[in-house]
Amino acid sequence: MLADARSRRLLTRALSAFNRRILRRRLPSYRVARPFLVGRRGLEIGGPSDFFARHGAFPVYADAGAIDNCNFSAHTVWRGAADAGQHFTYDPKHPPGRQYITEAAALSDIGDGEYDFVLASHTLEHLANPLRALVEWRRVLAPTGILVVIVPDRRGTFDHRRPITTFDHLVHDFDRGTGEDDVTHLPEILDRHDLTRDPQAGDYAAFKARSEQNLTNRCLHHHVFDEPLLVRSLTWAGATILATEWATPYHILAVGQRC
């Protein structure tokens, strides 16, 4: 058991190091987005993210004027504690931004058009009602502001056995007001999640126990995206697509401008 735990830790560190090396290669899509980011004020959902850091492939943190952040809880499995207030540390050369503790699809503390851009890296798939979230993120954007959304490509992740979610399903979730307590996809996830690609999840029993507490930890990928589904979702929510890109090893990125 101890040897297995040590092996999982070593694999996780190796993957993190590999991702850091890959992310140092700035993406072509950043050239498209950069004019809307330099010196501007943004909101991140579920940050901070290595993808947006100075060493990242999409280095918003270096160029932005200021960035605030939203987390669903004061404690997450990814970031640990996150106190509300001026505590969002995202870049050593910038002062901390404001940390909101609120649901990603219900930004009630934020007024219309307050931000020039919204960032979300590997967050949308964790939301039970992604279209509602995208509508809310568009709401807080200033006119001509941009959304930068990254989702995992299932082919390189533990979701590779799962089908791509249909757009009709996302619309159905939106129309019926699906909440974060939804467990519609849990049987599929338990059946098809590839634990060999998810060493941090532990064995099946541990993964099942964690998944059944998703309202608390938000670890589940409710939906599985590909590029067409991501693009269609952003377009439906009121964004014009400026760029899309696939980034090694398993990132699908889209930049959409509020319209």
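Relevant structure appears above.
Procedures and definitions
Residues numbered from 1 in each chain as written. Predicted model: local features only at pLDDT ≥ 70, side-chain atom pairs only at ≥ 80, totals over all residues. Heavy atoms only, no water. Helix = DSSP H or I, 4+ residues; strand = E, 2+ residues; numbered from the N terminus. Contact = heavy atoms within 4.5 Å. Pairing = 2+ DSSP bridges. Core = buried A, V, L, I, M, F, W, Y, C linked by side-chain atoms within 4.5 Å. Buried < 20%, exposed > 50% of the residue type's maximum accessible area, 1.4 Å probe, protein only. Phe/Tyr/Trp six-rings, centres within 6.5 Å; stacked < 30°, edge-to-face > 60°.

1. Comments concerning the environment of Ile164
Now for step 1: One can find Ile164 in the loop between strand E8 (141-152) and helix H5 (167-175).
Now for step 2: Other than its neighbours up to four places away in sequence, Ile164 contacts Arg154, Val224, Phe225, Asp226 and Leu229.

2. Looking at the pairing of strand E9 (residues 239-247)
Now for step 1: As judged from the eight bridges shared by E9 and strand E10 (residues 251-258), these two strands associate in the antiparallel manner. Looking across to E10, one finds that Ala247 is bridged to His251.
Now for step 2: The hairpin formed by E9 and E10 contains three residues between the paired strands.

3. Concerning the nonpolar core
Looking at soluble globular proteins, one finds that nonpolar side chains tend to be buried together.
Now for step 1: Grouped together as the largest cluster of nonpolar side chains are 33 residues, with contacts concentrated most on Leu43, Leu124, Trp137, Val149 and Leu230.
Now for step 2: Secondary structure elements with two or more residues in this core: strand E1 (41-45), strand E7 (115-121), helix H4 (130-139), E8, H5, helix H9 (227-236) and E10.
Now for step 3: Setting aside residues no more than four positions away along its own chain, Val149 makes contact with Ala120, Leu124, Leu134, Trp137, Leu230, Leu234, Ile252, Leu253 and Ala254.
Now for step 4: Judged by nonpolar contacts, the second largest core, of 24 residues, contains Tyr30, Ala53, Val60 and Ile150.

4. Here we look at the packing of aromatic side chains
Now for step 1: Within this structure, the stated rule accounts for seven aromatic pairs.
Now for step 2: On the numbers, 6.1 Å between centres and 75 degrees between planes, the contact of Phe51 with Phe52 is edge-to-face. For the residue pair Phe51 and Phe52, the accessibility class agrees, reading buried in each case.
Now for step 3: Both rings, one in Tyr61 and one in Tyr90, keep their centres 5.3 Å apart while their planes meet at 65 degrees; by these two values the pair is edge-to-face. Of this pair, Tyr61 sits in helix H3 (residues 60-63) while Tyr90 sits in the loop between strand E5 (85-88) and strand E6 (97-101), and the two are 29 residues apart along the sequence. Assigned by exposure class, Tyr61 and Tyr90 land together as buried.
Now for step 4: Each member of the aromatic cluster is reached from another via a ring pair, and the members are Tyr30, Phe51, Phe52, Phe58, Tyr61, Phe88 and Tyr90.

None of this, on its own, says anything about what the molecule does.
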